[in-house]
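Spelled out, the chains give:
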Amino acid sequence: SGGRGDGGDGGSGGGDCSGVDLVALGNPEVESLAAMVGGGGGAKHRDVRVIATLSRFVLEQAEAAGHALTLSEFGVEFINDTCWCMLGDVVPFPPIQSARTLITNSGKYAHYAPGLVNRSGFKVRYSGLAGCVAAARTGRAPPRPPFLAALRGCASVAGLGRALLRRGGSTGRI
């Protein structure tokens, strides 16, 4: 991991942040995620881990509907009853401690992860669910949406917040 990037195009941390080695999904919409990964778009990149946090209840529903099996076959790992912000510093979690660049669909985690991990060279990217799936397949973060074009390099997540405000708020999708 780490050798997939060729130029920073968003996130936080500085330096190259287009290569991704951890996809950190916070409470993803499981049915949509299963449709995205099971839709024949390709396998998960071998150097990328995909981990989703979700409640035990949601996982039980996903198992009953067959979505958990689809996600597991793609390579998604599940962590129940916690939040990404509790992992790493509060609860030691090796995937975070070894990741160089992660991408997340969680705005909260995108904001707090750099401070929680507090490691030089650690980079965070934010994207919607489809962008996170694309990164899981390719090991590269997707291009930035046009409204974030003003951010340079691996600009801070605070820049993301300012860009969303200029755009007129967040629709919850990027």
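A.B. asks: Even after reading the chapter, I still don't get the side chain of T101, so can you show me in this structure?
C.D. replies: Counting through the fold element by element, T101 comes out in strand β4 (residues 101-104). Look at T101 and you get buried, because its relative accessible area is 4%. Engagement of the side chain of T101 in a polar contact is seen with the backbone oxygen of G19, the distance being 3.5 Å.

A.B. asks: Help me understand the confidence of the model for the protein, please; the structure alone is not making it clear to me.
C.D. replies: Interpreting fine coordinate detail is not advised for predicted regions of low pLDDT. Averaged over all residues, the pLDDT of the protein equals 76, while 64% of them reach at least 70. Ranking the elements of the protein by mean pLDDT puts helix α7 (residues 157-167) last, at 55, and helix α3 (residues 67-74) first, at 96. In the predicted structure, residues 1-15 sits below a pLDDT of 50 and forms 62 contacts with residues beyond four places in sequence or in another chain. Note that pLDDT drops below 50 for residues 170-174; the model gives that stretch 8 contacts with residues more than four away or on any other chain.

A.B. asks: Mind showing me how you'd approach the pairing of strand β2 (residues 49-54) here?
C.D. replies: In regular strands, side chains alternate between the two faces of the sheet. β2 sits mainly inside the fold: 5 of its 6 residues count as buried. Sheet topology note: the strand β1 (residues 22-26)/β2 ladder contains 5 bridges and is parallel. Considered in β2, the bridge of A24 is made with I51. Between β1 and its parallel partner β2, the chain crosses via helix α1 (residues 30-37), and the hand of that crossover is right-handed.

A.B. asks: Honestly, the sheet that holds β2 in this entry has me stumped. Any pointers?
C.D. replies: Whether parallel or antiparallel, the strands of a sheet pair through hydrogen bonds between backbone atoms. The sheet built from 5 strands is open, its strands ordered β3-β2-β1-β4-β5 with parallel pairing. Looking at strand neighbours, the two that pair on one side only are β3 (76-80) and β5 (123-126), the edges of this open sheet. Between one strand axis and the next, the sheet turns through 25° on average, direction left out of account. Relative to β1, helix α6 (residues 129-138) is tilted by about 155°, and along the sheet it contacts β1, β2 and β4.

Quick notes on the rules
- Residues numbered from 1 in each chain as written.
- Predicted model: local features only at pLDDT ≥ 70, side-chain atom pairs only at ≥ 80, totals over all residues.
- Heavy atoms only, no water.
- Helix = DSSP H or I, 4+ residues; strand = E, 2+ residues; numbered from the N terminus.
- Buried < 20%, exposed > 50% of the residue type's maximum accessible area, 1.4 Å probe, protein only.
- Polar contact = N/O pair within 3.5 Å; in protein donor to acceptor, adjacent residues only side chain to side chain.
- pLDDT = per-residue confidence, 0-100.
- Contact = heavy atoms within 4.5 Å.
- Pairing = 2+ DSSP bridges.
- Right-handed = clockwise from strand over helix to strand, strands pointing away.
- Axes fitted to C-alpha atoms, helices over the stretch in contact; angles between N-to-C directions.

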